[in-house]
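Each chain is listed here by its residues.
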Amino acid sequence: MSLELPKFHETFNPILDILSDGKIIHTREMQEKVIQKYYSNLPKELLDEKTKSGEILINNRIAWGKSYLKKGGYIHYPERGHVQITEKGLNQKSGLTLKEVEEDSNILNFYTEENSKQGKEVNPIEKIKNASPQDLIDEGFNEIELEVKNELLTKLKNIDPYYFEKVILILLKKMGYGDFIETSKSQDGGIDGIINEDKLGLDKIYIQAKRFNENKVREKDIRNFIGAMSGDTNKGVFVTTSLFDNGAIEKAKNAHHKIILIDGKKLVDLMHEFNVGVQIKSVYEVKQLDEDFFFEQ
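None of the values given here were measured: they were computed from a predicted structure. Per-chain numbering applies: the sequence of each chain, read as written, is numbered from 1 onward. Totals for whole chains, interfaces and linings use all residues, but because this is a predicted model, local features are given only for residues with pLDDT of at least 70 and pairs of side-chain atoms are given and counted only at 80 or more. Hydrogens are left out, water is left out, and the side-chain values use all remaining heavy atoms of the structure.

Moving on to the confidence of the model for the chain. Values of pLDDT, ranging from 0 to 100, describe the predictor's confidence in every residue of the model. For the chain, the mean per-residue pLDDT works out to 84, and 86% of the residues sit at or above 70. Only runs of H or I of at least four residues qualify as helices and only runs of E of at least two qualify as strands under DSSP, and these elements are numbered from the N terminus. Of all secondary-structure elements in the chain, the lowest mean pLDDT belongs to helix α7 (residues 114-117), at 44, while helix α1 (residues 12-18) reaches the highest, 96.

With that out of the way, let us pick up helix α9 (residues 133-156). Helices are assigned an expected span. That span is 1.5 Å times one less than the residue count. A rise of 1.5 Å per residue sets the reference length of α9, with its 24 residues, at 34 Å; its end C-alpha atoms lie 35 Å apart and thus fit the reference within 8%. Remark: exposure states derive from per-residue accessible area (1.4 Å probe, protein chains only) relative to the maximum for the residue type, with buried under 20%, exposed over 50%, and partly exposed in between. Considered for burial, the residues of α9 that qualify are Glu147, Lys149, Asn150, Leu152, Leu153 and Leu156.

We now examine the sheet that holds strand β4 (residues 180-182). By definition, the strands of a sheet pair up through backbone hydrogen bonds, in either a parallel or an antiparallel sense. Only strands that DSSP links by at least two bridges are regarded as paired with each other. Spatially, 5 strands are ordered β4-β5-β6-β7-β8 in an open sheet, and the strand pairing comes out mixed. The sheet is open, and its two edges are formed by β4 and β8 (258-262), each paired on a single side. The mean angle between the axes of side-by-side strands here comes to 20°, regardless of whether they run parallel or antiparallel. By the bridge criterion, 4 bridges tie strand β5 (residues 193-196) to strand β6 (residues 204-210) in an arrangement that is antiparallel. For glycine 193, the partnering residue across the bridge sits in β6 and is isoleucine 207. The contact definition used throughout considers only heavy atoms, calling two residues in contact when any of these lie within 4.5 Å. Every axis in this analysis is a line fitted to C-alpha atoms, fitted for helices over the stretch in contact. Angles between the N-to-C directions lie between 0 and 180 degrees. Where helix α10 (residues 161-174) meets the sheet, it contacts β4, β5, β6 and β7 (235-240), and its direction lies at approximately 140° from that of β6.

Across the sheet, which stays open at both edges, the 3 strands sit in the order β1-β3-β2 with antiparallel pairing between neighbours. Each edge of the sheet is formed by a strand with only one pairing partner; in this case those strands are β1 (25-26) and β2 (75-76).

Pasting the structure below:
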């Protein structure tokens, strides 16, 4: 039997086994225990193998296994850098497959593949066989991006509501809008912040930020926001981590004010684009032949 590193989904059951005592442990300790118990028989050159960005490959695959288990609800992150098994994980029998985990994943379900939108089912093996190397690179980057946005939205839904308001103001600043003013938390009158589009503050944008988990923003929330603007400006941005119901969308659309609605999907898209709450981990170079170099004059 040839020795090789496990695929990321082959680490699901080893991870659950290590966490089966229910204790909270650091991610790094979990990785070390998985390797020690399940993969210590592998040659050192395999265990030392690295990704293109310099990360230890087996740690990278265990990390992806951990990430998928979290999406499926088998584990959770009780505190920064730590991991713990859930009740669902404890009740899971051995032999957990990638298909089962993917079927259990329901976060960010508004991100669907184009093939799903068109109602087409694509065999993953056929998809890989028919893909060019560039297709596979793009697919990998898309998968990483969706995972980061998934984690970002989960984090936003659980941070302090006042800090969430500040995150929105920082984002708008990064997007090129003017200086922002945080309103008083005791009496903000429905306004969480004010953006000055110009240096003198003659043109203002009012901000409302609602950190919801499941509840949708409703028509009355938009109505209250419009009322809080009280003639001082006709521009507003309403941001939420969830969704806007149809009544809220119609109220914003038909208002005399210019009101922009940003839901959870749009919010994490913007934060990812403008590097708010995320950081660049790796940069890959893809090189191609320079035909001009070999062109004879």
